[in-house]
Amino acid sequence: MTTVVTYGTFDLFHIGHVRLLKRLHSLGDRLVVGLSSDEFNTVKGKNVVIPYEDRKEILLSCRYVDDVFQENCWEQKRDDLEREGADIFAMGDDWIGKFDDLQDIVKVVYLPRTQDVSTTELKTVISEI
Ligand code: C2G
């Protein structure tokens, strides 16, 4: 059983998120997502549109996601990865290099982001409707 773990806000769930989760799912047998809490998003400087419980329900409805836990701080990843028995830790390549310190316990993978779509861009488009 190969467990893959990733993290994110996944606000305004969009095709970039779907394509990443689909690719991550193909890397193993189980995909677990550390979902940023509303409070942690404030720390990250993000104003979320969709509240945590709804973002969690949306992710759990995605065929590629097996489980979701809450991400409350930057520093919890090592404990999370050990608790989940992670084999692979993977993120989009906007994070490239940022989590290489975890290479002693997991394989760290960065995958190319989907171009031309982001939550920020969606917010702009919506605001102009
Ligand atoms: N992503 C992607 N393509 C996009 C947009 C996002 O592949 N067009 C990926 C990001 O690279 C990330 C994941 O989707 O791996 C979730 O993106 P966000 O919700 O923006 O998450 P982020 O704010 O990067 O949070 O501790 C890590 C953080 O919680 C990551």
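- In the annotation of an unreviewed UniProt entry, the entry for the protein chain reads Glycerol-3-phosphate cytidylyltransferase, and the organism field reads Alteromonas marina.

1. Topic: the confidence of the model for the protein chain
Stage number 1. When pLDDT is averaged across the protein chain, the result is 97; 100% of the residues are at 70 or more.
Stage number 2. The complex prediction reports pTM at 0.96, with the ipTM value standing at 0.98.

2. A closer look at the site of the ligand
Stage number 1. Taken together, 21 residues surround the ligand, and among them Lys46, Glu71, Lys77, Asp94 and Val117 come closest.
Stage number 2. At 2.6 Å, a side-chain N or O of Lys46 approaches an oxygen atom of the ligand.
Stage number 3. In this structure, Glu71 approaches the ligand through a side-chain N or O atom, which is 2.6 Å from an oxygen atom.
Stage number 4. Protein chains shield 96% of the accessible area of the ligand, which is 640 Å² for the free molecule.
Stage number 5. Judged by its atoms lying within 2 Å of the grid points, the ligand is housed in the largest pocket.
Stage number 6. At the level of secondary structure, the elements contributing two or more residues to the shell around the ligand comprise strand 1 (3–8), helix 1 (15–26) and strand 4 (88–92).
Stage number 7. The biggest single contributor to the shell around the ligand is helix 1, with three residues.
Stage number 8. Residues belonging to the shell around the ligand are distributed by class as follows: seven nonpolar, eight polar and six charged.

3. A short note on the layout of surface pockets
Stage number 1. For the largest pocket, the calculated volume is near 650 Å³.
Stage number 2. Around the largest pocket, the lining comprises 33 residues; the ones closest to its centre are His17, Lys46, Asp94, Trp95 and Arg113.
Stage number 3. Counted by class, the lining of the largest pocket contains 11 nonpolar, 13 polar and nine charged residues.

4. Details of a nonpolar patch on the surface
Stage number 1. On the surface, Val125, Ile126 and Ile129 cluster together to form a nonpolar patch covering roughly 350 Å² of accessible area.
Stage number 2. Assignment of secondary structure puts Ile129 in the segment after helix 5 (119–127).
Stage number 3. For Ile129, a relative accessible area of 83% translates into the label exposed.

5. What to know about the nonpolar core
Stage number 1. Grouped together as the largest cluster of nonpolar side chains are 18 residues, with contacts concentrated most on Leu21, Leu24, Val33, Leu59, Val65 and Val68.
Stage number 2. Among the secondary structure elements, those contributing two or more residues to this core are helix 1, strand 2 (30–36), helix 3 (52–60), strand 4 and strand 5 (107–111).
Stage number 3. Those residues in contact with Leu59 that lie beyond four places of it in its chain are Phe10, Phe13, Leu21, Val33, Leu35, Val65 and Val68.
Stage number 4. Of all hydrophobic cores here, the second largest spans 13 residues; its members include Val5, Phe69, Phe99 and Leu102.

What counts and what doesn't
Residues numbered from 1 in each chain as written. Predicted model: local features only at pLDDT ≥ 70, side-chain atom pairs only at ≥ 80, totals over all residues. Heavy atoms only, no water. pLDDT = per-residue confidence, 0-100. Near = heavy atom within 4 Å. Polar contact = N/O pair within 3.5 Å; in protein donor to acceptor, adjacent residues only side chain to side chain. Areas by Shrake-Rupley, 256 points an atom, 1.4 Å probe, with all protein chains shown as cover. 1 Å grid on protein atoms, 1.4 Å probe; cavity = no way out; pocket = protein on both sides within 12 Å on 5 of 7 lines; lining within 4 Å. Sits in = over half its atoms within 2 Å of the grid points. Helix = DSSP H or I, 4+ residues; strand = E, 2+ residues; numbered from the N terminus. Nonpolar A, V, L, I, M, F, W, Y, C, P; charged D, E, K, R; others polar. Points joined across faces, edges and corners; volume = space filled by probe spheres on them. Patch = residues over 30% accessible without salt bridge, like charges linked within 9 Å, V, L, I, M, F, W, Y side chains within 5 Å. Salt bridge = Lys/Arg side-chain N within 4 Å of Asp/Glu carboxyl O. Buried < 20%, exposed > 50% of the residue type's maximum accessible area, 1.4 Å probe, protein only. Core = buried A, V, L, I, M, F, W, Y, C linked by side-chain atoms within 4.5 Å. Contact = heavy atoms within 4.5 Å.

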